[in-house]
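Given next are the chains, with one letter for each unit.
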Amino acid sequence: MKLSFISLCFRFKLLSGFVAVAIAMALPGLVGAQLIDVNFTQNSSAGQGGPNPGPTMSGAAVLGAAGDQWNGIGGSSGTGIALKYANGSSAPVNLSFTAGGGFNVYDYSGSTPFTGTPWNALMETYLYNSGVPQTISLSGLVPNSIYNLVVYNAANSSATGRTTYFTVNGSTQGSAWTGTNNTLAAGVDYLEFPTAWSDGSGNLVITYTGNGTAEGDIDGFQIQASPLSVSAVGGGTNIAISFTGFSGFYYQVQYKNDLTAPAWTPLGNPLPGNNSLLTVNDLSAQSTRFYRVQMSTNGPAITLLHTSGTNVVNTAGAVVELRGLNLGGWFIMEPWMCPADSGGLPDTYSIISELDSRFGVTVEQALIRIYQTSWITTDDLNNITNGGFNLVRVPVWWGNFYSITNTTSSGWRSDAFSELDWVVTNCAARGIYVVIDMHGVVGGQSTSDDTGEQNVNAYWTNTVDQSETAYMWTQIASHYATNTAVAGYDLINEPYQAPSNSTVWTAYNNLYHTVRAADANHTIIIEGTFGNWDWSMLPAPSVYGWTNIVYSMHEYQFGDDTAQVEAGSDNQAVDFNNHLSWNVPDYIGEWNDMGNGAACYDYSISDYNNVGINWTMWAYKATSGLLPNGWGWYDPTYWPTTPNVSTDSAATISNDWQQWKTTNSFGINAAVGL
């Protein structure tokens, strides 16, 4: 799907050595705008709250500039309520809500510190939420358009610490009320979503809820079209074109030397928006040149990737900078970071074995599929593409492909590729590449639970395990040989406890040739994640004649402070630069800055981006702790129930695992700086 392009054209005439040109459409700020009568009260009589007979909603508005839509509610139901513009004229926008009604804090001996301020009418009345997510839905907006949305949360003086989580376009923010604030403060009594995006039918949904079963409310909201600004600065043959890029959109700078020319020429590659300033340099600018920025919802076409020197490139030879996240805890259930089991089963193998024993293989596989289809959904893939990412790394293990009781070819599962095909197909539709990462070879490459079965490390010395792993890679490479959305095959994740380096190199070389026999075209990823976890662990590719390969490192500074974490990122950049002569791209397949704050994560990202290192942060979502825990870009906002696989019924296990959908119980973690 493509937006109707938004194109801004402007011309430079470089008469002196310096020129600065800007085109901007600026709108006044939302917060602090004029207020009129606001009343989300469920009335028993005019101006009074109460449960009877309701719900009757009367007027609610926060006004910005003339032409803004506002949430004026008047009617006896929450469906199809016509809204008005700030100037009082009718708008084509309708509103519907799911809450049963609204309340006034004063009706139950409550109060608000906003008494006597222009915001009192707004902050004293609200739509109630008892911990069950509720929605406010808008229709009639301009399809596929960006809006600036501000939402206001409840301000009862007795509700100190109450947090309301708002979700828009899959992005969740929390606003924690202090109980005493009497001015409008971001994150305390309002939140801004500067890039709220209407869908192809002109609809937009606001979801709000409290923390777990706690109350969480909405006092009002304001919405208006987002501004777009483009500026250019420079002189001579170097022009820098800058503009704000909003998440969920791609931007292509184009130019013409003559406006009568039939076509615009792309300048650089399309850039994903990330809610910050984007800059494109024209090093060949001429004395008179016309530029435009074209904006669309579809990303660059997915084409087969391969390596060229130290870069990953597409079929046109353009460099593709891979940036993304690991889908950890999905195909491999690591209990520390996902809601696998509350009874202490240590790994995926144990969970599957227990389910097989209690319910049989058919029910077990249905339950595991329910877990998988709840942990990662298309909403999650939308979150990833809206965040400006173009890559996911998908950890898999042998139990996804073989029966856990039969790792011969006769034990190959008929559904071996069902979920993997689902993610590859749906990622491709969103402009996202997929790395297939073998986290657990047959027999295990370490004793870690992240191999799928802990305390097993037989692969290195067991020729049967090696043969069955090779068969597995042959099937995978054959299945995806013509699939352009697969970025590459990561042969063995973290081979940490091999007898020697030469043992690992031999295993890599054998699997390299196994994959090449089935698929001559896809990139093969080889990890230096053992011993020192750096390039010193790997041979120059000429030693074995490897081609079209990427070397992958992981970067974790466990238990260290910010300075040590940043030093680790610096070392990765230096290590890559020291091996440029090998002509192999670098890929930090896993990294995490251990919760040291957004600035630390930004530091690492800058380190990697500045030297051209591709990366995927660990992990997209995790349950190591409530928001904001450093292990997940999305973290739980409260704790749904984790099932006890050994004692709960199949129905209970199914129901519990379904509660862990991102849209139900997770919020975005701004503390990781992505």
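Each remark here, short or long, concerns the structure printed above.
Residues numbered from 1 in each chain as written. Predicted model: local features only at pLDDT ≥ 70, side-chain atom pairs only at ≥ 80, totals over all residues. Heavy atoms only, no water.

(A) The environment of I136, seen in detail. As for its placement among the helices and strands, I136 is situated in strand β10 (residues 134-139). Overall, the relative accessible area of 1% leaves I136 in the buried class. Not counting chain neighbours up to four residues away, the residues in contact with I136 comprise L95, S96, F97, L127, L204, V205, I206, Y208, I218 and F221. (Helix = DSSP H or I, 4+ residues; strand = E, 2+ residues; numbered from the N terminus. Buried < 20%, exposed > 50% of the residue type's maximum accessible area, 1.4 Å probe, protein only. Contact = heavy atoms within 4.5 Å.)

(B) Quick look at the sheet that holds strand β30 (residues 549-556). Around the barrel, which closes on itself, the 8 strands sit in the order β25-β26-β27-β28-β29-β30-β31-β32 with parallel pairing between neighbours. Each strand of the sheet is rotated relative to its neighbour by a mean of 30°, with strand direction disregarded. Pairing analysis gives 4 bridges linking strand β27 (residues 433-440) to strand β28 (residues 486-490), with the strands arranged parallel. Across the sheet, D437 pairs through a bridge with D490, a residue of β28. Strands in contact with helix α8 (residues 562-577) are β30 and β31 (586-592); relative to β30, the strand with the most contacts, it is inclined by about 160°. (Pairing = 2+ DSSP bridges. Axes fitted to C-alpha atoms, helices over the stretch in contact; angles between N-to-C directions.)

(C) Fine view of the packing of helix α6 (residues 463-479) against helix α7 (residues 501-518). Packing of α6 against α7 brings their axes to within 8 Å, and their N-to-C directions diverge by 35°. Of the two possible hands of crossing, α6 and α7 adopt the one that is right-handed. Contact residues: α6 offers T469, A470, W473, T474, A477 and S478, while α7 offers L511, T514, V515 and A518. (Left-handed = near helix turned anticlockwise from the far one by under 90°.)

(D) Structural detail: the packing of aromatic side chains. Scanning the model with the defined rule gives 39 aromatic pairs in all. On the numbers, 6.0 Å between centres and 45° between planes, the contact of W591 with Y601 is tilted. You can see W591 sitting in strand β31 and its partner Y601 sitting in helix α9 (residues 598-611), a full 10 residues away along the chain. Its relative accessible area of 0% is what places W591 among the buried residues. The interplanar angle of 65° and the centroid separation of 6.2 Å between the aromatic rings of W660 and F666 together place this pair among those described as edge-to-face. The burial state of W660 is the same as that of F666; both residues are buried. Put simply, the rings of F389, W591, Y601, Y608, W615, Y620, W633 and Y634 pair up and form one aromatic cluster. (Phe/Tyr/Trp six-rings, centres within 6.5 Å; stacked < 30°, edge-to-face > 60°.)

(E) Up close: unusual backbone geometry. Of note, the bond from W618 into A619 is cis; its omega dihedral lies within 30 degrees of zero at 10°. Note that A619 resides in the loop between β32 (614-617) and β33 (634-636). P628 follows L627 through a cis peptide bond whose omega is 5°. Within the secondary structure layout, P628 lies in the loop between β32 and β33. Here the phi dihedral of N169 falls at roughly 55°; this positive angle occurs in a residue that is not glycine. The residue N169 is located in the loop between β12 (163-168) and β13 (171-176) in this model. Residue classification places N169 among the partly exposed residues on the basis of a relative accessible area of 30%.

(F) Inspection of the packing of helix α2 (residues 348-359) against helix α3 (residues 361-375) at higher detail. Put simply, α2 and α3 touch, their axes get as near as 7 Å, and they point 135° apart. Relative to α3, the element α2 is oriented oblique. Along this stretch, α2 crosses α3, giving a crossing that reads as right-handed. Taken together, the residues of α3 that come into contact with α2 (itself represented by I352, L355, D356 and F359) are V361, V363, E364, L367 and I368. (Parallel < 35°, antiparallel > 145°, perpendicular 65-115°, else oblique.)

(G) Geometry of the nonpolar core. Core analysis: the largest hydrophobic core is formed by 101 residues, its most contacted members being V394, F401, L420, I436, I476 and W657. No other element matches α7, which puts 6 residues into this core. The contacts of V394, once residues within four sequence positions are left out, are L327, W330, F331, L420, V423, V434, V435, I436 and D437. The next biggest cluster of nonpolar side chains, apart from the first, holds 24 residues, and it includes L141, L149, V168 and F193. (Core = buried A, V, L, I, M, F, W, Y, C linked by side-chain atoms within 4.5 Å.)

(H) Just the pattern of salt bridges, in detail. Per the stated rule, a full pass over the model turns up 9 salt bridges. Put simply, E527 and R393 hold a salt bridge, and the shortest N to O gap is 3.1 Å. Remark: R393 occurs in strand β26 (residues 391-397) and E527 occurs in strand β29 (residues 524-527); sequence separation between them is 134 residues. Residue E527 shares its accessibility class with R393, and that shared class is buried. Close ionic contact of E590 with R393 constitutes a salt bridge, the shortest N to O distance being 2.9 Å. Residue E590 is found in strand β31, and its partner R393 is found in strand β26; the two are separated by 197 residues along the sequence. For the pair shown, E590 and R393 are each scored as buried. Salt bridges sharing partners connect three or more residues here, namely R393, D437, D490, E527 and E590. (Salt bridge = Lys/Arg side-chain N within 4 Å of Asp/Glu carboxyl O.)

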